[in-house]
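Fold and contact review
Listed below are the residues making up each chain.
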Amino acid sequence: MQRITGKERDETSIELKSAEDSQTTDENNGHGIYLSDRGSSLPGHTETDKLQRNRDTVFFRDGVRRIDFVLSYVEDKDEKKPERRREFEANLEKAGLELETEDRRDSDDGRTYFLKIHAPWEVLATYADVLKIKVPFKLSDVPHAQDVPLGWLSQPFRLPEKIMRPQPDYFTTAFDKGKTDFFLINDKDSLFPPSTRNRIVFYILARCPYQKEDRQEKYKKGIKRLLSNGTYTAAFPLHDSRYWKGATNQECESERYNLYKNWARFLCFYKEQPLNLIRKYYGEKIGIYFAWLGFYTEMLFFAAVMGVICFAYGLLSYDDNISSKEICDPSIGGSIVMCPLCDKKCSFWKLNSTCLSSWQSHLFDNEGTVFFAIFMGIWVTLFLEFWKRRQARLEYEWDLVDFEEQQQQLQMRPEFEMKCTRKRMNPITKESEPYLPMSSKLARFCISGTTVLFWMSLIVACIIGVIAYRLAVFAAFASIMKDSPTRNIQLVGNLITPQLATSVTASCINFVIIMILNFFYERVAVWITDMEIPKTHLEYENKLTMKMFLFQFVNYYSSCFYVAFFKGKFVGHPGNYTYMFGKASRLRNEECDPGGCLIELTTQLVIVMVGKQLWGNIQEALLPLMRNWWGSRKGRHQPENQYSRWEQDNDLLNFTQLGLFYEYLEMVVQFGFITLFVASFPLAPLLALCNNILEIRVDAWKFTTQFRRPVASKARNIGAWQEILNVVAILSVVTNAFIVAFTSDMIPRLVYLYSTHNEEELTMRGYVNNSLSVYSIAQIPLDSMPEDGDSPSWYSNSSITTCRYRDYRYPPGHQKQYNHTMQFWHILAAKMAFIIIMEHVVFVVKFFVAWMIPDVPSGVKARIKRERYLIQEYLHNYEVEKLKLQLCLSNFPVPASASHTCNATSTANTTMTNMDACSEPCTEVLCPLDTDEMTAECPSPSPSLPGWNSALESRDMAGDATA
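Residues numbered from 1 in each chain as written. Predicted model: local features only at pLDDT ≥ 70, side-chain atom pairs only at ≥ 80, totals over all residues. Heavy atoms only, no water.

1. Quick word on the state of the cysteines
Threshold: Counting rule for disulfides: a pair of cysteine sulfur atoms within 2.5 Å. Only DSSP runs of H or I with at least four residues qualify as helices, and only runs of E with at least two residues qualify as strands; both kinds are numbered from the N terminus onward.
Overall, the coordinates contain three disulfides when judged by the stated rule. Paired through a disulfide, Cys339 and Cys803 show a sulfur-sulfur distance of 1.9 Å. For the disulfide bridge between Cys339 and Cys803, the dihedral angle about the S-S bond is near 85°, and by the sign convention the bridge is right-handed. Here Cys339 is found in the loop between strand S11 (337-338) and strand S12 (349-350), whereas its partner Cys803 is found in strand S18 (residues 802-806), with 464 residues between them in sequence.

Quick look at the structure:
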């Protein structure tokens with residue numbers, strides 16, 4: 001006999017008869033109810049009914065039992081697979097799950113079987129107790145936030161209340177199967193939402209063996225292994241409806257449709273996110289991700305506004321840029337002859353040829369750069385601190401407080417249990433548990449660390465290759481463009497220079513290398529993490545997160561670090577240049593443009609950051625759409641009510657366990673771009689803001705329409721990503737201080753402005769000439785001199801005897817010729833002082849802000865304390881009243897005709913005869929001894945006590961039975 005949990009806490013028993021006797025039709029919900037005998041050779045299989053029925057449903061054929069999970073498989077020539085399925089499904093039935101099979105002839109491809117799984121109340125209650133799932137015991141009495149003044153201004157951005165709060169607020173505590181009457185259970189079918197139900201079923205599937213009881217093969221366990229060896233082709237919970245319209249059955253929530261309508265459409269980009277509905281449908285782990293992404297996007301708005309202001313300052317101060325005017329002036333910049341930038345192929349050139357790049361550099365290299373760098377150092381602290389507060393509020397509202405401590409053991413990975421054969425006593429629980437020996441753990445760690453170092457070294461080798469490309473190709477571009485053939489190109493002809501062509505092509509090549517290395521390393525990282533055999537899911541994700549981020553950090557940021565901190569810093573000077581692989585290689589180290597390397601860092605940052613975001617959006621949107629369109633091509637031609645819910649979801653893409661990991665990784669890499677190098681490009685937060693507005697809706701659309709419903713899982717925070725963000729935030733202060741000091745020309749200009757000139761008025765006139773040193777052309781080695789015929793027409797050996805280069809060195813003929821001047825050391829000291837001062841100021845402000853802002857809001861602390869107090873109070877009162885009831889029942893003998901009814905209320909069969917044992921003596925008998933006028937009445941406790949009404953009902957039933 002199979003039991004179906006019904007409404008109003010009653011249990012309705014349905015005895016399975018023959019298919020002809022039990023076949024009915026539910027006219028209200030449109031489901032044909034078909035209960036048939038198990039005629040299949042596999043346990044849990046039923047005959048497929050040939051009559052037409054609505055197959056776009058989330059219920060069994062009886063229209064009552066809900067489908068909590070679906071397994072699909074295809075028969076092939078492997079004889080072992082049917083045996084595995086038979087044993088696995090038999091063990092699932094022993095665990096209490098109910099199964100129903102859809103024949104392959106009813107599938108759209110005619111090959112796939114679908115095994116539908118339902119978890120009855122007894123199974124749900126048992127595992128809810130094991131997993132410590134929290135359920136409500138009292139309606140929350142904490143009022144919602146009051147309306148703020150001018151709240152109507154935010155009304156266009158808000159969603160309906162039923163979408164934002166799909167269910168009332170309750171005080172909750174861990175479920176206890178032995179105290180079901182303590183909790184607020186109006187309907188056992190709806191007590192656990194579908195996300196919790198599929199989580200419980202997956203917990204069973206992941207640990208269920210597919211072997212007979214007399215066998216003890218440790219590896220033959222779990223649905224993951226059955227999926228990997230092809231026994232089953234897919235395992236997934238069902239969406240509750242189609243995404244573009246609600247379910248026809250009123251018992252279905254149609255939450256998927258509500259999410260698509262109010263969240264996943266791009267036209268809702270300005271609306272708030274329905275986080276509670278996301279959490280209810282997908283689980284806490286996915287809900288936390290979207291909460292973090294939404295909060296990150298909100299905070300980016302303030303950084304983007306400040307970045308636009310700093311960029312606008314650069315535009316408005318365009319005409320006040322005296323240095324660029326001097327470079328562009330034919331009488332100043334046109335009269336300054338610069339030394340060749342490379343050997344042989346590069347000729348002498350005039351400074352005014354860099355007029356345009358100097359103007360472009362001023363847009364980002366100005367006084368606002370320093371202010372914006374300091375602002376971003378404080379902004380990142382505010383972002384992290386306010387996120388902790390938001391996260392703490394979500395932890396309480398989503399019942400995640402103390403989750404990690406309670407669930408650590410329960411989240412042990414099945415792979416760890418299977419692969420670790422040795423066991424030892426847990427000193428805390430005093431139970432035997434599997435463990436990995438230290439020798440094996442150390443060996444696996446060494447292999448893993450060596451692999452990560454090898455791939456990071458490979459990235460460095462690729463970066464060196466790109467640098468060598470820059471050095472070699474620059475000479476080629478300089479030779480090709482010496483007669484300026486590109487200047488004939490309309491509009492952009494004057495923009496194309498050897499420096500720009502080299503920078504753009506090298507950045508594009510570097511981006512392609514980044515994508516290729518990412519593709520291979522992602523698979524290597526998963527392999528070596530699996531090899532380490534982490535114990536828990538949390539440990540697995542943390543290990544993989546650290547490996548992937550270390551690799552991504554080197555992969556994405558190494559080229560930017562080179563341009564920011566190495567290019568132009570180790571060049572030497574004419575006659576004594578520094579070469580990359582020695583002088584024989586002829587690859588002379590790159591020099592910065594007279595306007596500085598900051599504009600090239602900006603170019604590198606824009607290409608890598610924007611290219612990554614565009615490629616990521618293409619991957620996330622177009623590829624799933626095309627794959628799902630192709631996969632569902634057969635099912636689309638069926639009548640709408642015959643294209644079953646399980647086939648629709650089977651045609652969607654599978655959302656893997658690491659799917660959310662890559663979403664976090666994408667955003668954290670972006671976070672590094674807008675913090676580590678933001679001093680070079682104030683518009684980076686604006687680009688990130690625009691991308692994230694699109695990213696939220698693309699991810700929402702992808703989850704809602706393109707992916708199968710993922711198994712719900714819990715997470716109280718964003719995990720290891722929080723620590724990574726903290727490290728990036730601290731490192732960003734250092735990198736931005738060094739960018740302002742060494743990459744930009746801010747410090748040399750300030751030193752010149754306040755200490756070098758002798759005029760009373762502060763002015764930048766003469767700075768360009770002051771920043772360039774002089775070298776005698778006659779002393780340039782022949783190996784470095786331009787080839788004959790490569791010199792421009794205006795160059796004459798007789799009239800031009802010196803050339804200029806970017807450095808602070810004594811001129812020829814000086815006692816210390818070509819050595820650094822005192823001004824060079826003054827500027828270096830000023831740079832180091834600026835770095836120290838900026839870092840200390842920002843760090844002091846950061847730590848002060850972090851200290852001032854508590855991680856947990858006071859209101860949340862009060863609510864947590866109140867909930868714990870209520871749990872203790874209600875449990876105490878519940879146990880006291882239950883004990884009173886037991887003592888009163890046990891004081892009198894019970895007639896045989898009513899004993900079973902009285903025992904339904906009493907959980908102890910004591911035979912106490914002393915009435916004084918009760919805390920409040922019973923005045924009359926609870927269960928009547930006979931049919932006389934004696935009544936059963938004990939002192940009534942407070943009617944608000946949870947579960948007391950059900951006890952009174954049971955008492956009344958006992959009296960009726962005796963009568």
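2. Some remarks on the sheet that holds strand S10 (residues 234-236)
Defined as follows: Criterion used throughout: strands pair if DSSP finds at least two bridges between them. Here an angle of 0 to 180 degrees is reported between the N-to-C directions of two axes, which are lines fitted to C-alpha atoms, with helices fitted over the stretch in contact. Whether two residues touch is decided by their heavy atoms; if any such pair falls within 4.5 Å, the residues are in contact.
Strand order in the open sheet made by the four strands is S6-S7-S5-S10, with antiparallel pairing throughout. The open sheet terminates on both sides in strands that have one partner only, identified here as strand S6 (98-102) and S10. Each adjacent strand pair in this sheet contributes to an overall mean axis angle of 20°, direction not counted. Bridge count for strand S5 (residues 69-74) against S10 is three bridges, and the pairing is antiparallel. For Ser72, the partnering residue across the bridge sits in S10 and is Ala234. Helix H5 (residues 194-207) rests against S5 and strand S7 (112-118) of the sheet, and its axis sits at about 45° to S5.

3. Describing the packing of helix H8 (residues 275-282) against helix H9 (residues 284-316)
Stated formally: Each angle is binned into one of four classes, with values under 35 degrees roughly parallel, values over 145 roughly antiparallel, values of 65 to 115 roughly perpendicular, and all other values oblique. Handedness of a helix crossing follows the sense of rotation of the near helix relative to the far helix, less than a right angle counterclockwise being left-handed and clockwise being right-handed. By the convention adopted, Pro, Cys, Tyr, Trp, Phe, Met, Ile, Leu, Val and Ala count as nonpolar, Lys, Arg, Asp and Glu as charged, and the other residues, Gly among them, as polar.
Between H8 and H9, whose axes approach to 7 Å, the crossing angle comes to 150°. On the basis of the axis angle, H8 is roughly antiparallel to H9. Judged by the sense of rotation from one axis to the other, the crossing of H8 with H9 is right-handed. Of the residues in H9, those in contact with Leu275, Ile278, Arg279 and Tyr282 of H8 are Glu284, Ile286, Gly287, Phe290 and Ala291. Of the residues in the contact of H8 with H9, the class split is six nonpolar, one polar and two charged.

4. Remarks on the packing of aromatic side chains
Aromatic ring pairs: the centre-centre distance and the angle between the two ring planes describe each pair. Threshold: Note on ring pairs: Phe, Tyr and Trp rings are taken, using the six-membered ring of Trp, and paired if centres are within 6.5 Å. Classes follow the plane angle, with under 30 degrees stacked, over 60 edge-to-face and the rest tilted. Exposure classes here rest on a 1.4 Å probe applied to the protein chains alone. A residue is buried below 20% of its type maximum, exposed above 50%, and partly exposed in between. Here, a charge over a ring means that NZ of Lys or CZ of Arg falls within 6 Å of the ring centre while also lying within 35 degrees of the ring normal.
Summed over all chains, the structure comprises 65 aromatic pairs. With centroids separated by 5.3 Å and ring planes inclined at 75°, the aromatic side chains of Phe661 and Tyr662 adopt a geometry described as edge-to-face. Residue classification places Tyr662 among the partly exposed residues on the basis of a relative accessible area of 28%. Above the ring of Phe519, the side-chain terminus of Arg523 is found at 4.0 Å from the ring centroid. Stacked on the ring of Tyr281, the Lys or Arg Arg709 has its end atom at 3.8 Å from the ring centre.

5. Digging into unusual backbone geometry
The residue Ser254 is not glycine, and still its phi comes out positive at about 55°. In this structure, Ser254 sits in the loop between S10 and helix H7 (255-264). At Asp399, a residue that is not glycine, the phi angle is positive and equals roughly 60°. Note that Asp399 resides in the loop between helix H12 (367-397) and helix H13 (403-407).

6. What about the pairing of strand S17 (residues 772-776)?
Burial of S17 is extensive: four of the five residues sit out of reach of the surface. Pairing of S17 with S18 involves five bridges; the strand directions are antiparallel. What sits directly across from Tyr775, in S18, is Cys803.

7. What about the packing of helix H17 (residues 537-565) against helix H22 (residues 720-743)?
In a packed pair of helices, the relevant descriptors are the angle between the two axes and the axis-to-axis distance. The N-to-C vectors of H17 and H22 enclose an angle of 10°; their axes lie 12 Å apart at closest approach. By the angle class used here, H17 and H22 are roughly parallel. Between H17 and H22, the contacting residues are Asn542, Thr545, Met546, Phe549, Phe553, Phe561, Ala564 and Phe565 on the first element and Ala720, Trp721, Ile724, Val728, Leu731, Thr735, Phe738, Ile739 and Thr743 on the second. Each residue belonging to the contact of H17 with H22 can be placed in one class, and the counts come to 13 nonpolar, four polar and no charged.

8. As for the nonpolar core
Quick reminder of the rule: To form a nonpolar core, buried Ala, Val, Leu, Ile, Met, Phe, Trp, Tyr and Cys residues must be joined to one another through side-chain atoms within 4.5 Å.
Among the nonpolar cores identified, the biggest contains 131 residues, and Trp292, Tyr296, Trp379, Phe383, Tyr557, Phe673 and Trp721 are the most heavily contacted of them. The dominant element in this core, judged by the number of residues it contributes, is H9, at 16 residues. Apart from residues no more than four positions distant in its own chain, Trp379 is found in contact with Tyr296, Met299, Leu300, Ala303, Phe671, Ile674 and Thr675. Formed by 46 residues, the second largest nonpolar core is a distinct cluster that contains Phe175, Phe192, Tyr210 and Tyr396.

9. Remarks on H8
By the criterion of burial, H8 is predominantly enclosed, with seven of the eight residues buried. Within H8, the full set of buried residues consists of Leu275, Leu277, Ile278, Arg279, Lys280, Tyr281 and Tyr282. Tucked into the core, H8 has its buried residues touching helix H3 (161-164), H5, H7, H9, H12 and helix H21 (684-706).

10. So, the side chain of Gln613
Its location among the elements puts Gln613 in helix H18 (residues 598-631). Residue classification places Gln613 among the buried residues on the basis of a relative accessible area of 10%. Not counting residues up to four positions away in its chain, the partners in contact with Gln613 are Gln670, Leu687, Ala688 and Asn691.

11. Some words on the pattern of salt bridges
Close approach of charged atoms allows side chains of opposite charge to pair. Put simply, the rule is: Here, a salt bridge means any Lys or Arg side-chain nitrogen found within 4 Å of an Asp or Glu carboxyl oxygen.
Under the criterion given, the structure shown has 38 salt bridges. Arg197 is the salt-bridge partner of Asp68, the closest N and O atoms lying 2.7 Å from each other. Pair noted here: Asp68 is in the loop between strand S4 (32-33) and S5 and Arg197 is in helix H5, with a separation of 129 residues, a long-range link. We classify Arg197 as buried; its relative accessible area is 5%. Between Lys702 and Asp699 there is a salt bridge; the shortest N-O distance is 3.5 Å. On the criterion of helical spacing, the pair formed by Lys702 and Asp699 is a turn pair, its members being three residues apart in helix H21. Members of the salt-bridge network, linked through shared partners, are Asp56, Arg242, Arg645 and Asp649.

12. Here's the deal with the confidence of the model for the protein chain
Operational definition: Summary of the metric used: pLDDT quantifies the predictor's per-residue confidence within the range 0 to 100.
On average, residues of the protein chain score 79 in pLDDT, and 80% of them reach the 70 mark or higher. When the criterion is pLDDT under 50, residues 485-493 qualifies, and its contacts beyond four places in sequence or with other chains add up to seven contacts. Counted against residues more than four places away or in other chains, residues 896-963, with its pLDDT under 50, gives 91 contacts.

13. Here we look at the environment of Val305
Structurally, Val305 can be placed in helix H9. Taking the C-alpha atoms as reference points, Val305 and Leu686, separated by 381 residues in sequence, lie 7.6 Å from one another.

14. Focus: a nonpolar patch on the surface
Here is the rule we go by: Put simply, a patch holds well-exposed residues, over 30% relative accessible area, that have no salt bridge, with like charges counted together within 9 Å and Val, Leu, Ile, Met, Phe, Trp or Tyr side chains within 5 Å. Here the accessible surface of atoms and residues is derived via Shrake-Rupley with a 1.4 Å probe, and residues count as covered only by protein chains that are part of the display.
Among the surface-exposed residues, Phe157, Phe266, Phe269, Tyr270 and Leu694 lie close enough to one another that they form a single nonpolar patch of about 470 Å² accessible area. A relative accessible area of 38% means that Tyr270 is categorised as partly exposed.

15. Observations concerning helix H20 (residues 659-676)
For clarity, the threshold we go by: Multiplying 1.5 Å by the helix residue count minus one yields the expected span of that helix.
In a regular helix each residue adds 1.5 Å, so 18 residues correspond to 26 Å; H20 covers 26 Å between its end C-alpha atoms and thus fits that length. Among the 18 residues that make up H20, 17 are buried, leaving the element largely enclosed by the rest of the structure.

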